[in-house]
Amino acid sequence: MAPVFPLHRLPHVAFDKEQRIKAAINRERVSFTENLREYCLNTTIHGLKYIGTVSLTLCERAYFFLTFLVVTACSIYFISNVYIKWQSSPIIIGLNPIATHIRNIPFPAVTICNMNQLRREAAERIEQNTLEQTVLQSICSIDGDFNDTQYEGKWSAVKRMLLSATQPCSALLKACRYAKQPERCSEIFQSIFTDEGLCCTFNTLDTVYMFRNATAPSIFPTEVGSSSGRFRPILWTPENGYAEEPSNASYPRFIAGPGVAMGLAMVLDANASDYFCSSTSSVGFKIIFHSPSETPKITDYAQYIPVGTENRIIITPKINDAADQIRKVAQAQRQCVFASEANLSYYSVYSRNNCELECEAKLILENCGCVLYYLPKLYEDTKICSRANARCYEQIRSSIAFTANTSISCSCLPGCFEISYVPDLTTAELQVGRFGIRETLLDNVKDEVYAKENLALVYIFVKDTYYRSFTKGELVGFTDFLSNVGGLLGLFLGFSIISLIEVIYFVTLRPYCAKRKQQCINRKEQNVEANHLTAARNELLWFGSKPSTTTAIQFLGRPTYADRYDANDYHLHAGRNAMVKEFAAKLKHLVHSRLQQANGWVRNTFRSRRTQLGFGQERTGTSYPFYD
């Protein structure tokens, strides 16, 4: 076997490569400071590039840094002002640019009560120390001895007394007309229990649509009057309007048209000779106009209609609605309640008036153990308050009405969609029998004295065809708030959505990608170094450990394994200029030294062979051309 010239690696070569790999890794690792500097140099926010510029002096960079802090503080201050305005006053009320036609507005519900709460004829028939007397005293607010009492506070007893001892609607209303069409008063009016006793109401919702629980005691007694017959009830709510197209045969009635002829006209009879107890100091009527979905409060808010007068009442609808955008605003800020947010137990349609009635009934029931007869009641056996409970419930009612009292109060917000009616009343003296008149409702009235002492003629109508609503909308919506904030940030800092994306990138994505890239480089360097170590170990195992001065030759034309290994190693490191140059120099020196050694070995071998054969003698026999 021919000797070879093995390529021996020096022990310090692997250590030098390891140091170079670590240095390269440290150079390529992205530190927090470098990442921050690169962000400052490349961000779209104004001023930060001067802070990250290394060529500027420390004084210049500090100047721009302080300026950036001052500008940022100013932007935060103005943005906080915009935010406070957005949170404190998000709602604005303005006129709706689109007017509402009166056909889309229901005619107001009209509730009329005689100031006489109990007929004298019925009161005189009541015997002393009976249940009826106790109920009479409760209705007329007369103090008396309640200790005996057969009165157990049942709703059925109060209801029966009110129906039998008060003036019915058929006696209160003598003649009626609506939209030029004469009507039977009993068909368009129905009885209703109010704080003034038994009254008559026109154009209110049917009980099916007004109340949640059909089995609860109703404020509409079915025994007296009914809106059934040729009229069909339909649903109407302030928020959604009519559930179907209204007609002349449906109720609540829509406003047929402007003018006194298209409104409601009626003749009222007080029957003053039958007065027993009155809620006022005069003879006449109380009238109130309200939404068809509400139960009215007569005692506190009704207007007077005196007897012997002709009255014209011009109604102006006041419509309140709301934009759908304010639904996301809290109730405490928008100060209104949508129908979907209502939580009433007795009424189906929410309004402030309905909410206050339920609240008053609940507070009186909790504190006094009873409910006033005209307030909502969920159960038939609910105890009705008598005069014995007067001190308790009057104190509760006074506390509710007293706005400074916060311990007992009803915090009922108005509905976001509500309609109310503002009356404008004019009165003239009624004259009957002195001269001819065009009014056909008074054709059957011939007694001038009776008319002056008992009758009143009332006209209710509107004068315009269109009305504008008051709309609650957003004063500062989210889009406006975002625009203001963006304008301030752009003015002070040049900040935009792209700037925010840059911040997110340099905080999250870039460090992550740099870390992944560094891990990939580390794996490649480790693989290369492992290959180098494996090759060196195999070489040492194959050729053995020999001193660096070992002399060996190689047959021409056959490259050794060491030569092939050096060639592969050269190609692996061709990309690194310094290592290639160093390796080339070492290889050149090694080859040159090996060639010199081989040349010396050849000369010594040839000389020894010639000496054995006889140097200088002529050869005979076998020749040796190789040595020659």
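Above this text you will find the structure in question.
Residues numbered from 1 in each chain as written. Predicted model: local features only at pLDDT ≥ 70, side-chain atom pairs only at ≥ 80, totals over all residues. Heavy atoms only, no water.

Regarding the overall build of the chain
The condition that has to hold: A helix here means a DSSP run of H or I that spans at least four residues, while a strand means a run of E at least two residues long, and both kinds are numbered starting from the N terminus. Three exposure classes are used, based on accessible area relative to the maximum for each residue type with a 1.4 Å probe and protein chains only: buried under 20%, partly exposed in between, and exposed over 50%. We call two residues in contact when some of their heavy atoms are within 4.5 Å. Only the protein chains shown count as covering a residue, and every accessible area follows the Shrake-Rupley method with a 1.4 Å probe.
Assigned secondary structure in the chain consists of 19 helices and 21 strands. The 628 residues of the chain split such that 43% are buried. At a minimum sequence separation of 6, the contacts of the chain that also span at least 24 residues come to 74%. Split by element, the accessible area of the chain, about 35,800 Å² in all, is 56% carbon and sulfur.

Describing unusual backbone geometry
Cis geometry is found at the peptide bond from Tyr251 to Pro252, where omega equals 5°. Within the secondary structure layout, Pro252 lies in the loop between β12 (250-251) and β13 (264-269).

Structural notes on the pattern of salt bridges
Worth spelling out the cut-off: By definition, a salt bridge exists where a carboxyl oxygen of Asp or Glu is found within 4 Å of a side-chain nitrogen of Lys or Arg.
Going through the model one piece at a time under the given rule, you end up with 16 salt bridges. Of the charged contacts in the structure, one is a salt bridge between Glu239 and Arg327, with a shortest N-O distance of 2.9 Å. One end of the pair, Glu239, is in the loop between β10 (236-237) and β11 (241-242); the other, Arg327, is in the loop between β17 (309-322) and α12 (331-334), and 88 residues separate them in sequence. Overall, the relative accessible area of 33% leaves Arg327 in the partly exposed class. Of the charged contacts in the structure, one is a salt bridge between Arg334 and Glu341, with a shortest N-O distance of 2.6 Å. A relative accessible area of 3% means that Arg334 is categorised as buried. Among the charged side chains, a salt-bridge network with shared partners connects Arg119, Glu121 and Arg125.

Overview of the state of the cysteines
The following threshold applies: Cysteine sulfur atoms that pair up within 2.5 Å are treated as a disulfide.
Within this structure, the stated rule accounts for eight disulfides. The residue that forms a disulfide with Cys336 is Cys416, at a sulfur-sulfur distance of 2.0 Å. For the disulfide bridge between Cys336 and Cys416, the dihedral angle about the S-S bond is near 80°, and by the sign convention the bridge is right-handed. Of this pair, Cys336 sits in the loop between α12 and α13 (352-368) while Cys416 sits in the loop between α14 (390-401) and β18 (418-429), and the two are 80 residues apart along the sequence. Classification of Cys336 by relative accessible area gives buried; the value is 0%. Residue pairing for Cys355: its cysteine sulfur links by disulfide to Cys412, the two sulfurs lying 2.1 Å apart. When the S-S torsion is -70°, as for the bridge of Cys355 with Cys412, the disulfide is left-handed.

Description of the environment of Cys200
Within the secondary structure, Cys200 is located in strand β8 (residues 197-202). Through-space distance from the C-alpha of Cys200 to that of Ser186 is 9.6 Å; in sequence the pair is 14 residues apart. Excluding residues that lie within four positions of it along the chain, Cys200 makes contacts with Val110, Thr111, Ile112, Cys169, Leu172, Leu173, Phe189, Gln190 and Ile192.

What to know about the nonpolar core
Here is the rule we go by: The term nonpolar core refers to a set of buried residues drawn from Ala, Val, Leu, Ile, Met, Phe, Trp, Tyr and Cys, joined through side-chain atoms within 4.5 Å.
Core analysis: the biggest nonpolar cluster contains 102 residues, and Val110, Phe189, Leu264, Met266, Ile287 and Ile460 have the highest contact counts within it. Not counting residues within four places of it along the chain, the set of residues in contact with Met266 comprises Val110, Ile112, Leu173, Ala175, Cys176, Phe189, Ile287, Leu441, Ala456, Leu457, Val458 and Ile460. Judged by nonpolar contacts, the second largest core, of 16 residues, contains Cys40, Ile51, Trp86 and Leu493.

Description of the sheet that holds β8
Put simply, the test is: A pair of strands is labelled paired if DSSP reports no fewer than 2 bridges between them. Here, axes are lines fitted to C-alpha atoms. For helices the fit covers the stretch in contact, and angles between N-to-C directions go from 0 to 180 degrees.
Overall, antiparallel pairing links the five strands, which are arranged β7-β8-β3-β15-β16 in an open sheet. Edge positions in the sheet fall to β7 (189-194) and β16 (303-306), since each of these pairs with one other strand and no more. Shown here is a sheet whose adjacent strand axes are inclined to one another by a mean of 35°, direction ignored. Note that strand β3 (residues 109-114) and β8 share three bridges and pair antiparallel. Its bridge partner lying in β8, Ile112 is registered against Cys200. Packing against the sheet, helix α7 (residues 155-165) makes contact with β7 and β8, and its axis sits at approximately 130° to β7.

Re helix α2 (residues 32-42)
To be explicit about the condition: Taking the helix axis as origin, the arc is that swept by the directions to the C-beta atoms.
For α2, the set of buried residues is Asn35, Tyr39 and Cys40. Projected onto a plane normal to the axis of α2, the buried residues spread over an arc of 135° and lie on a single side.

Here's the deal with the environment of Phe211
Examined against the element boundaries, Phe211 turns out to sit in the loop between α10 (207-210) and β9 (232-233). Overall, the relative accessible area of 8% leaves Phe211 in the buried class. Measuring from C-alpha to C-alpha, the distance between Phe211 and Val349 comes to 7.9 Å, with 138 residues separating the pair along the chain. Apart from the residues lying within four places of it in its own chain, the contact partners of Phe211 are Ser218, Ile219, Phe220, Tyr346, Tyr347 and Ser348.

Section: the side chain of Thr237
To keep things clear, this is the line we draw: Think of a polar contact as two N or O atoms within 3.5 Å of one another; within protein, one of them needs to be a possible hydrogen donor and the other a possible acceptor, and neighboring residues in sequence only count if both atoms come from side chains.
Counting through the fold element by element, Thr237 comes out in strand β10. Among the residues examined, Thr237 registers a relative accessible area of 15% and is labelled buried. Of the polar contacts made by the side chain of Thr237, one reaches the backbone nitrogen of Asn240; its length is 3.2 Å.

What about a nonpolar patch on the surface?
The line we're drawing: Patch members must show over 30% relative accessible area and no salt bridge, and they are joined within 9 Å when carrying like charges or within 5 Å when they are nonpolar side chains of Val, Leu, Ile, Met, Phe, Trp or Tyr.
Taken together, the side chains of Phe65, Leu66 and Leu69 present a nonpolar region at the surface, about 280 Å² in accessible area. Following the sequence through the fold, Leu69 ends up in helix α4 (residues 58-88). A residue is classified by how much of its surface remains accessible, and Leu69, at 42% relative accessible area, is partly exposed.

Some remarks on the packing of aromatic side chains
Selection criterion: Two aromatic rings, drawn from Phe, Tyr or Trp (for Trp, its six-membered ring), form a pair once their centres lie within 6.5 Å of each other, and the interplanar angle then sorts them: stacked below 30 degrees, edge-to-face above 60, tilted otherwise.
One pass over the full model with this rule turns up 14 aromatic pairs. For the pair Phe338 and Phe417, a centre-to-centre distance of 6.2 Å together with 55° between the ring planes defines the contact as tilted. Of this pair, Phe338 sits in the loop between α12 and α13 while Phe417 sits in the loop between α14 and β18, and the two are 79 residues apart along the sequence. Each member of the pair, Phe338 as well as Phe417, is classed as buried.

Re the environment of Thr204
As for its position among the elements, Thr204 is in the loop between β8 and α10. Note on Thr204: relative accessible area 3%, which makes it buried. Expressed as a C-alpha distance, the spacing of Thr204 and Val110, which sit 94 residues apart in the sequence, is 8.1 Å. Apart from residues no more than four positions distant in its own chain, Thr204 is found in contact with Ala109, Gln190, Met210, Phe220, Tyr251, Pro252, Pro292 and Glu294. Among the polar contacts listed, one links the side chain of Thr204 to the backbone oxygen of Pro292, at a separation of 3.0 Å.

What to know about the pairing of β13
Judged by how many residues are buried, β13 sits mostly within the fold: six of six residues are covered. The alternating pattern of β13 places Leu264, Met266 and Leu268 on one face and Ala265, Val267 and Asp269 on the opposite face, and all of these are buried. Alignment of strand β5 (residues 173-178) against β13, held across five bridges, turns out to be antiparallel. Paired with Cys176 across the strands is Met266, a residue of β13. Relative to strand β19 (residues 455-461), β13 is paired through six bridges, and the arrangement is antiparallel. Of the residues in β19, the one forming a bridge with Met266 is Val458.

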